[in-house]
Amino acid sequence: MDQPTSPAPAAATRRPTPDELAALALGVPPGHMTPAQLYLGLRGRIPRRTYWLHGVLSLLLLGIVINGLLAIANVDNDTAAKLVNLLFLWPLIAVSVKRQHDFDFSGWWALIHFIPAIGSLVLLLVDGAVPGTPGPNRFGPAPGTSSAR
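(A) Representation of the overall build of the protein in the model. On a plain count of helices and strands, the protein comes out with 5 helices and 0 strands. Evaluated residue by residue, the protein yields a buried proportion of 31% over its 149 residues. Sequence separation of 24 or more characterises 66% of the internal contacts of the protein that already satisfy a separation of 6 or more. If you sum the accessible surface of the protein, you get close to 9800 Å²; carbon and sulfur atoms cover 69% of it.

In structure tokens form, the structure reads like this:
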């Protein structure tokens, strides 16, 4: 009689690394920008999708949450708004610089954010609407093609 064969040993499942999990959360393949690189670094390029999801939507929602927490803590509204703006100033500039790099502009254009009202609105629309340059440019490879570290 044939003995029933035991099932093949289960392939060892590999746990994803923190960088791979972060890349999955950012919607880009592993090997691309980590959240620290996205929000703190000034190098590389990001596509419009990453800009809208992580440079606008996530920073806006996080700002609302922190502002709400400060309101619960009875912090004055003006003070809370200033704290939130100060907290998110660098991540906003870092994401905007990477977006400027995607369409082959100098990152210095991100300083338009400091022009009251009009500067931020114009830059928001330009960053979110202008398509990136196809292929590599002076700031690195196109997002999603190879490692942009």
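There is more to say, and it comes next.
(B) Spatial organisation of the pattern of salt bridges. Evaluated as defined, the whole model comprises 3 salt bridges. One salt bridge connects Asp104 with Arg138, and the closest N-O pair in it is separated by 3.0 Å. Of the two residues, Asp104 is situated in the loop between helix 4 (77-102) and helix 5 (118-129) and Arg138 in the segment after helix 5; the sequence distance between them amounts to 34 residues. Residue Asp104 is classed as partly exposed on the basis of its relative accessible area, which comes to 30%. According to the relative accessible area criterion, Arg138 is exposed, its value standing at 60%. Here the residues in one salt-bridge network are Arg45, Arg99 and Asp102, joined through shared partners.

(C) Representation of the side chain of Asn137 within the structure. As for its placement among the helices and strands, Asn137 is situated in the segment after helix 5. With a relative accessible area of 14%, Asn137 lands in the buried category. Within the local environment of Asn137, its side chain forms a polar contact with the backbone oxygen of His101, the two atoms lying 2.9 Å apart. A distance of 3.0 Å separates a polar atom in the side chain of Asn137 from a polar atom in the side chain of Thr133.

(D) Focus on a nonpolar patch on the surface. On the surface, a nonpolar cluster with roughly 450 Å² of combined accessible area is contributed by Leu53, Leu57, Leu60, Leu61 and Ile64. Structurally, Leu61 can be placed in helix 3 (residues 48-72). The class for Leu61 is partly exposed, based on a relative accessible area of 46%.

(E) Representation of the packing of aromatic side chains within the structure. Considering all chains together, one arrives at 3 aromatic pairs under this definition. Judged by centre distance (5.5 Å) and plane angle (70°), the ring pair of Tyr51 and Trp52 falls under edge-to-face. For Tyr51, a relative accessible area of 2% gives the class buried. One aromatic cluster is present, formed by Phe103, Phe105 and Trp109 through successive ring pairs.

(F) Here's a closer look at the side chain of Arg99. Here Arg99 lies in helix 4. By relative accessible area, Arg99 is classed as buried at 0%. A polar atom in the side chain of Arg99 sits 2.7 Å from the backbone oxygen of Asp127. Only 2.4 Å separates the side chain of Arg99 from the backbone oxygen of Val130, close enough to count as a polar contact.

(G) Representation of the environment of Gly63. On the secondary structure map, Gly63 appears in helix 3. By relative accessible area, Gly63 is classed as buried at 9%. For Gly63 and Leu87, which are 24 residues apart along the polypeptide, the C-alpha to C-alpha distance reads 8.8 Å. If we ignore the near neighbours within four places in the chain, the residues touching Gly63 are Val84 and Phe88.

Rules and cut-offs
Residues numbered from 1 in each chain as written. Predicted model: local features only at pLDDT ≥ 70, side-chain atom pairs only at ≥ 80, totals over all residues. Heavy atoms only, no water. Helix = DSSP H or I, 4+ residues; strand = E, 2+ residues; numbered from the N terminus. Buried < 20%, exposed > 50% of the residue type's maximum accessible area, 1.4 Å probe, protein only. Contact = heavy atoms within 4.5 Å. Areas by Shrake-Rupley, 256 points an atom, 1.4 Å probe, with all protein chains shown as cover. Salt bridge = Lys/Arg side-chain N within 4 Å of Asp/Glu carboxyl O. Polar contact = N/O pair within 3.5 Å; in protein donor to acceptor, adjacent residues only side chain to side chain. Patch = residues over 30% accessible without salt bridge, like charges linked within 9 Å, V, L, I, M, F, W, Y side chains within 5 Å. Phe/Tyr/Trp six-rings, centres within 6.5 Å; stacked < 30°, edge-to-face > 60°.

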